[in-house]
Amino acid sequence: MSEPARHSGLRAYGCTGRVAKRLAALLAGGVALLAAAPPAVAAAPGRTTLSAAAMAPAVSADYPAGVTIDTVTPTVAGQNDTVTITGRVTNSGDSGLKGAHAAVRRPVGERPLSTRSDISQVAGRTTPTSQDGIDLPAPLAEMGNIAPGQTRSFTLQVSPSDLKLNKSGVYELAVDVWDQQGSHALGLARTFLPYSVDPIAKATQVATLWPLTHAPELVAQTMPDNDQVPVLRDDSLATELASGGRLFKLVDIGEKLPGLTWVVDPDLLDTVYAMTKPYRVQKPGTAGESAKDDNTVQGTGRDAAVAWLAKLRQAVTTAGTQVVALPYADPDLASIAHNGAQLDGMDTALRKAGTAGQVTAEGRLSVDVRGNVAWPYQGQLDQQIVGTTRTAGDNLVLVDSASMSDSLNYTPNAARPIGEGQTAVVADHTLSQLFEGDLTSAQARTGATQRFLAETLMITQQQPDTQRNLLVMPPRDLTVGTATALSDALTAAQKGNWVNQVKLETVATATPDPEATTSVQPAGDYPNDLRDSELTGNSLSKTMGLESRLDQLLKILTQPQRVRGPFSAAMVRSMSTEWREQAKAAKAYRTGTQDYLDNLISAVKVPSKKVITLAGDNGTLLVSIKNDLNQSVVNLKLRLTSGQVNRLNVGQPEDVVLDATTSRTLRFPAQAKVNGPVQVTAQLWTTGADPQPYGDPMVFTVQVTSVTQGVLYVIGGGVVLILLAGLRFYLQRKKRAAEPDTDGEPAGPTGPDEQPGGGEPTQAGTQAGTQATAREIGEDTGRNTSEEESKDADSDPAAPEDARNRTSGDEKVGP
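Residues numbered from 1 in each chain as written. Predicted model: local features only at pLDDT ≥ 70, side-chain atom pairs only at ≥ 80, totals over all residues. Heavy atoms only, no water.

Undergrad: Tell me about helix H6 (residues 266-275), and name the residues and values.
TA: By the criterion of burial, H6 is predominantly enclosed, with 9 of the 10 residues buried. Between the side-chain oxygen at the start of H6 and the backbone nitrogen of aspartate 267 there is a gap of 3.0 Å, and the oxygen is on aspartate 265. (Buried < 20%, exposed > 50% of the residue type's maximum accessible area, 1.4 Å probe, protein only. Helix = DSSP H or I, 4+ residues; strand = E, 2+ residues; numbered from the N terminus. Polar contact = N/O pair within 3.5 Å; in protein donor to acceptor, adjacent residues only side chain to side chain.)

Shown next, in the form of structure tokens:
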């Protein structure tokens, strides 16, 4: 086509002047852009990565104008509607934009998009292209000159006839910006405009999860009074419950939506209920201490908690709604499956959490509640997680389609049987991903809303005569801005008649699509970035290790119920999914729980001592026991064990019964055989069928002095030995003297101990004989007499100075 003919064609549209020049420039570059455009790729539904904001190309030197679409009204266009588009243009370049203006583009080919892949392709474009359509000659939003860094607002109004919309469906809606030079578009923003004029045969049933969760706040400590006033780790929940707070707004928005499925953490309900009465809050740095008036402050959220709980109870009674109770404190199923499934007691803990969750939710809300529902973090599922959910007794699993992807050319229904009586309700990944993050800006909310409307209308049109079922799964930490966008999208889709909002049970029990996948990905395909935020095996092991130590403590308490409930709940809270985004707070909570249990266990103890002096060979050892708990303790014995029973024997174990905050001294008889130090270990033991050591052992020294009777025994034994040795030598010499000598001479000395010409042994010979005899006797009796004599010589009972020379402060116990 010649240049005059091209401009003639432009004038046929009523375009003259700078508009014609601008369109000519656009068309001149359009051939290359179309040739370079990638072909439509059929992507598996629900696997698209996208932004919630209206799709705006990245700013660059060629495209210095940053364009945003803030609102589209109405969100769904009808035949006689006027569509109003508002937005902003920011000059992000180095030079000014002269005579800038914004315009709306008419869709290419004046036809709707045909597949969800088409929607994904539009959303994925990064630069203006002729595929975004052709500028309308009017209206234009004049913005004048825009200096670098400046922002201008625009408003554009068009009708469906201006856009040449003549068939129900999803259309791209694009706004671009030009300056007076008109060489090419300087920036562009995209969104979607559903056009609905034809009747819908069967509206798609959409179940939407509406999570009410919060990181655990209640701690294991309670105040020591009879009412056991609850204690929170901080008072942040009071802000969220107050008017305008996150949880308040979630209930306020949700109560207006029909067919909503409230997904509630029962621990949150318990915490709010506790806040409706007087409660205390820990001061910073006191997480492991027993709660007292001086390390806690009065909570401030009582009025907000009362109002919020009443508001929620009213909301969940709305006809057509459903309440799903997560397991108590929402245990992190993925972390447990990957890092703690084999830990002792974990299976029991999960089953108890499920039961407690349903009972708690029903009690706090006074409505029927659906339990046995598993919701792994972000809906990501693998075979190990499935095994854990089965162990926990969950027969319904909420799953993101990224874990169970299909290669179908349509979006299948949500319900999928996955074996052993379990049903996976699979949420569409694209729809759910739209509402991740915090959609605080109008641009972000509009982008998410228009994309949601486009996707759901396209799904409905895929099989218009077949009943479709979808699940929408926003994140657990749903924000007010995101909830507002989701509510707007659901309301607009229902008003457009292609969506019918229903509760989870309706979608879960619908007939499964026989073509949809029912296989679950192996553990090796689980996303690595999610593994990085999991609770570690060490953390889970320490948490489960609290169980056995807690059982030991409970065994000795006269009021175990004051400790059992708060601690059992705190253990499950330590494994909550809500900690995923708060790793530092999670560690502080677990450490505080463990330290507090350590403090309780060590409150019943044997006070440390170094030396006890035992004056004599028998006496009584006095050992104190202390109970710093606020209740009495029983079922304990104190056992003393001598490190050298051949030197010191101690009495039998003594029963321990102590009133609250008291101490007692127990008396143990002791018998010593020799002087000197002996180590003794004092250890508390539980009583009953399976006695166990309780607490840390206390090791001290018993210093034995003045063992008089024992010394006399040793001296007497030595005298007897000497006499026996002398008698033996005397008899031997007498015997030799009586025997005749073969040479006619009497027998004389032949050994080194005998002297020539004499009948008496020398002093050296006598000593040698005595020592030999002593060794023989020692061997016969199994004793080493020389060693015992040496030890006795070291401890002289006649040396009173030794008894007086003791370390000051040692405890002396007499006979």
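On we go.
Undergrad: Describe the pairing of strand E24 (residues 633-642), with residues and values.
TA: Looking at chain direction, E24 and strand E26 (residues 654-658) are connected through 4 bridges and run antiparallel. Within E26, the residue paired with leucine 638 across the bridge is glutamate 654. The pairing of E24 with strand E28 (residues 676-686) spans 7 bridges and is classified as antiparallel. Its bridge partner lying in E28, lysine 637 is registered against tryptophan 685. (Pairing = 2+ DSSP bridges.)

Undergrad: Tell me about the pairing of strand E7 (residues 187-195), and please be specific about residues and values.
TA: E7 sits mainly inside the fold: 9 of its 9 residues count as buried. Neither face of E7 is exposed, since Gly187, Ala189, Thr191, Leu193 and Tyr195 on one face and Leu188, Arg190, Phe192 and Pro194 on the opposite face are all buried. Where strand E6 (residues 169-178) lies against E7, 9 bridges are found, and the strand directions are antiparallel. If you follow tyrosine 171 over to E7, its bridge partner there is leucine 193.

Undergrad: Could you give an account of the packing of aromatic side chains, naming the residues involved and the relevant values?
TA: Within this structure, the stated rule accounts for 4 aromatic pairs. Ring geometry for tyrosine 171 against tyrosine 195: centres 6.4 Å apart, planes inclined by 70 degrees, an arrangement best described as edge-to-face. Linking tyrosine 171 in strand E6 with tyrosine 195 in strand E7, this pair joins segments that are 24 residues apart in sequence. Here the aromatic rings of phenylalanine 567 and tyrosine 596 are separated by 5.4 Å at their centres, their planes lie at 5 degrees, and the arrangement is stacked. Of this pair, phenylalanine 567 sits in helix H17 (residues 561-573) while tyrosine 596 sits in helix H18 (residues 583-602); the two residues are 29 residues apart in sequence, bridging distant segments of the chain. Considered together, phenylalanine 567 and tyrosine 596 belong to a single accessibility category, that of buried residues. Cation over ring: arginine 639 sits above tryptophan 685, and NZ or CZ is 4.5 Å from the ring centre. (Phe/Tyr/Trp six-rings, centres within 6.5 Å; stacked < 30°, edge-to-face > 60°. Lys NZ or Arg CZ within 6 Å of the ring centre and 35° of its normal.)

Undergrad: Give a description of the nonpolar core that names residues and reports values.
TA: One finds Trp210, Leu212, Trp262 and Trp308 to be the most contacted residues of the largest nonpolar core, which totals 68 residues. Considering each element in turn, this core owes the most residues, 8 residues, to helix H12 (residues 442-462). Ignoring any residue separated from it by four or fewer positions in sequence, one finds leucine 212 in contact with Leu247, Leu250, Val251, Trp262, Val263, Val264, Asp265, Leu268, Trp308 and Leu312. Leu550, Ile556, Phe567 and Val606 belong to the second-largest nonpolar core, a separate cluster that totals 54 residues. (Core = buried A, V, L, I, M, F, W, Y, C linked by side-chain atoms within 4.5 Å. Contact = heavy atoms within 4.5 Å.)

Undergrad: Any details on the pattern of salt bridges? Residues and values, ideally.
TA: Tallied over the entire structure, the rule returns 27 salt bridges. Between aspartate 330 and arginine 476 there is a salt bridge; the shortest N-O distance is 2.7 Å. Separated by 146 residues along the polypeptide, aspartate 330 in the loop between strand E14 (322-325) and helix H8 (333-339) and arginine 476 in the loop between strand E19 (469-472) and helix H13 (480-495) bring together distant segments of the chain. With respect to burial, aspartate 330 and arginine 476 carry one shared label: buried. In this structure, aspartate 655 and lysine 637 form a salt bridge, with 2.4 Å as the shortest nitrogen-oxygen distance. Of this pair, aspartate 655 sits in strand E26 while lysine 637 sits in strand E24, and the two are 18 residues apart along the sequence. Overlapping salt bridges bring together Arg116, Asp428, Arg451 and Glu455 as one network. (Salt bridge = Lys/Arg side-chain N within 4 Å of Asp/Glu carboxyl O.)

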